[in-house]
Amino acid sequence: MEAERIREWLMGPMVAVATPFKEDHSLDLDALQENVRYMIDHGIRTGQGSLLVAAAAGEHPTLNADERKAAMSAAVEAAQGEAPVLASIQHTDMRIILDLARHASKVGLQGVQLGPPYYYPQTEGDARRLFQMVAEESDASIMIYYTQRDRLNMSLDHLRRLADIPSARVLKWSASTDEEYRQGITALHNDLVIIDNSGRYKLGHSLGARGFVTHVGGFWPEYTLRIWDLLERGNYDGVEDAVAAFEKPWSVWTGKVTAVTGGEGPFIKATMEAVGLRAGPPRLPSTRPPENLLVEIRELLSSSGVPPASDRTETTA
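Below is a short write-up of the structure.

### Regarding the pattern of salt bridges
A complete count under the given rule lists 23 salt bridges for this structure. Among the ionic pairs, Asp66 bridges to Lys69, the shortest N-O distance being 4.0 Å. A residue pair is termed a helical-turn pair when its members lie 3 or 4 positions apart in one helix, as Asp66 and Lys69 do in helix α3 (residues 65-79) at 3 residues. Residue class for Asp66 comes out exposed when judged on its relative accessible area of 55%. Each member of the salt-bridge network shares a partner with another, and the members are Glu23, Glu273 and Arg288.

Put into structure tokens, the structure is as follows:
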């Protein structure tokens, strides 16, 4: 995949991939590779989807650097060049960020997700130095991660300057208001491939976003591909109907889980296991949801028509 032609191959659902663990909380790389193949075999492929591994949904704050590199390598190997693979390289230690960036280059990742270091407040100058250093260490495309949880609220002018770095090609975008969201995509979509990270499917696509981050794609790839197809055909009412039928009630359920235990791993992995995929427990101190919520998710999946993984046939596209 030629980086300079990224608009031709990075589009559609960007699946935030869970990192499976064994019951002793060690990495389960075999399960990760099985799940990567499952997503690809069910349609998440170059030009109609991508895979984001070892990021927040992959519990990267609980992984050490060697584990993050192992997850990168395993995912790329399993993908066999059939889908773009990206990974988070965010950290508080610049040495680890650069080590992860070099590893991404070594194993052939198509992209690295990078935001300003967290915990200490950063200046825009700090952030630009960070991005420039990563660009010098890795030939992978940089996906700028903009989130208002960072200690730096990056301005549009700053994002434009980051876009001047040749390998900064993608922006994972969210905003607290629709107006700020519109302004960002309008200002930046010609310079960066915009990936929506706020669930604003219709608004983002109408303004020029070329993909969206999804947790659902890890256990129901067909749903996310249907959303993308509806967006591309301009059937925004169909998108609204699909979201109302499954994603909104699933989001209510995930809210119940996060009230009990923190992180994204507990609700993503519980849903994966409910359809028959291998995911394992989240890393401690997070834990699996209680049994009443596990019963609830199985009932929701059944009532929504989500088929067990074993009942689905591979796509041929």
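### Here we look at a nonpolar patch on the surface
On the surface, Tyr118, Tyr119 and Tyr120 cluster together into a nonpolar patch covering about 400 Å² of accessible area. Tracing the sequence through the fold places Tyr118 in the loop between β4 (111-114) and α5 (124-137).

### Structural notes on the packing of aromatic side chains
The full count for this structure, using the stated rule, is 10 aromatic pairs. Centre to centre, the rings of Tyr201 and Phe212 are 4.7 Å apart; their planes meet at 75°, and the pair counts as edge-to-face. With Tyr201 in helix α8 (residues 201-207) and Phe212 in strand β8 (residues 211-214), this pair connects stretches of sequence that are 11 residues apart. With respect to burial, Tyr201 and Phe212 carry one shared label: buried. When the ring of Phe219 is compared with that of Trp250, the centres are 5.4 Å apart and the planes differ by 50°; the resulting orientation is tilted. Linking Phe219 in the loop between β8 and α9 (221-232) with Trp250 in helix α10 (residues 236-258), this pair joins segments that are 31 residues apart in sequence. Here the aromatic residues Phe219, Trp220, Tyr223, Phe246, Trp250 and Phe267 are joined through ring pairs into a cluster of three or more. In this arrangement the basic side chain of Lys172 is found over the ring face of Tyr145, its NZ or CZ atom lying 4.3 Å from the centre. The cationic tip of Arg283 hangs over the ring face of Phe21; the distance from NZ or CZ to the ring centre is 4.4 Å.

### Section: α10
Ala244 marks where α10 bends most, by close to 45°. Among the residues making up α10, those that are buried are Gly238, Val239, Ala242, Val243, Phe246, Glu247, Trp250, Trp253, Thr254 and Val257. Buried residues belonging to α10 abut α8, α9, α11 (265-274) and α12 (291-303).

### Observations regarding the sheet that holds strand β5 (residues 141-145)
Spatial ordering of the closed barrel is given by β1-β2-β3-β4-β5-β6-β7-β8, a layout of 8 strands whose pairing is parallel. If you compare each strand with its neighbour and ignore which way they point, the axes differ by 25° on average. Looking at chain direction, β4 and β5 are connected through 4 bridges and run parallel. Residue pairing across strands places Gln113 opposite Met143, the latter belonging to β5. Of the strands in this sheet, β2 (50-53) and β3 (85-88) are in contact with α3, which crosses β3 at around 170°.

### Some details on the nonpolar core
Formed by 56 residues in total, the largest nonpolar core has its most connected members in Leu51, Ile89, Val134, Ile144, Leu159, Leu171 and Trp173. The leading source of residues in this core is α3, at 7 residues. The contact partners of Val134, leaving out residues within four places of it in the chain, are Ile89, Ile97, Leu98, Ala101, Leu114 and Ile142.

### Structural notes on the pairing of strand β1 (residues 12-16)
Side-chain direction in a regular strand flips from residue to residue, so the side chains alternate between the two faces of the sheet. For β1, the tally of buried residues reaches 5 of 5 residues, placing the bulk of the element in the interior. Where β1 lies against β2, 3 bridges are found, and the strand directions are parallel. By the bridge assignment for β2, Val15 is matched with Leu51. A crossover connection joins β1 to the parallel β2 through helix α2 (residues 29-41); in handedness this β-α-β unit is right-handed.

About the thresholds
- Residues numbered from 1 in each chain as written.
- Predicted model: local features only at pLDDT ≥ 70, side-chain atom pairs only at ≥ 80, totals over all residues.
- Heavy atoms only, no water.
- Salt bridge = Lys/Arg side-chain N within 4 Å of Asp/Glu carboxyl O.
- Helix = DSSP H or I, 4+ residues; strand = E, 2+ residues; numbered from the N terminus.
- Buried < 20%, exposed > 50% of the residue type's maximum accessible area, 1.4 Å probe, protein only.
- Patch = residues over 30% accessible without salt bridge, like charges linked within 9 Å, V, L, I, M, F, W, Y side chains within 5 Å.
- Areas by Shrake-Rupley, 256 points an atom, 1.4 Å probe, with all protein chains shown as cover.
- Phe/Tyr/Trp six-rings, centres within 6.5 Å; stacked < 30°, edge-to-face > 60°.
- Lys NZ or Arg CZ within 6 Å of the ring centre and 35° of its normal.
- Bend = angle between axes of the 7 residues up to and from the residue.
- Contact = heavy atoms within 4.5 Å.
- Pairing = 2+ DSSP bridges.
- Axes fitted to C-alpha atoms, helices over the stretch in contact; angles between N-to-C directions.
- Core = buried A, V, L, I, M, F, W, Y, C linked by side-chain atoms within 4.5 Å.
- Right-handed = clockwise from strand over helix to strand, strands pointing away.

This is a description of form; function is not addressed.
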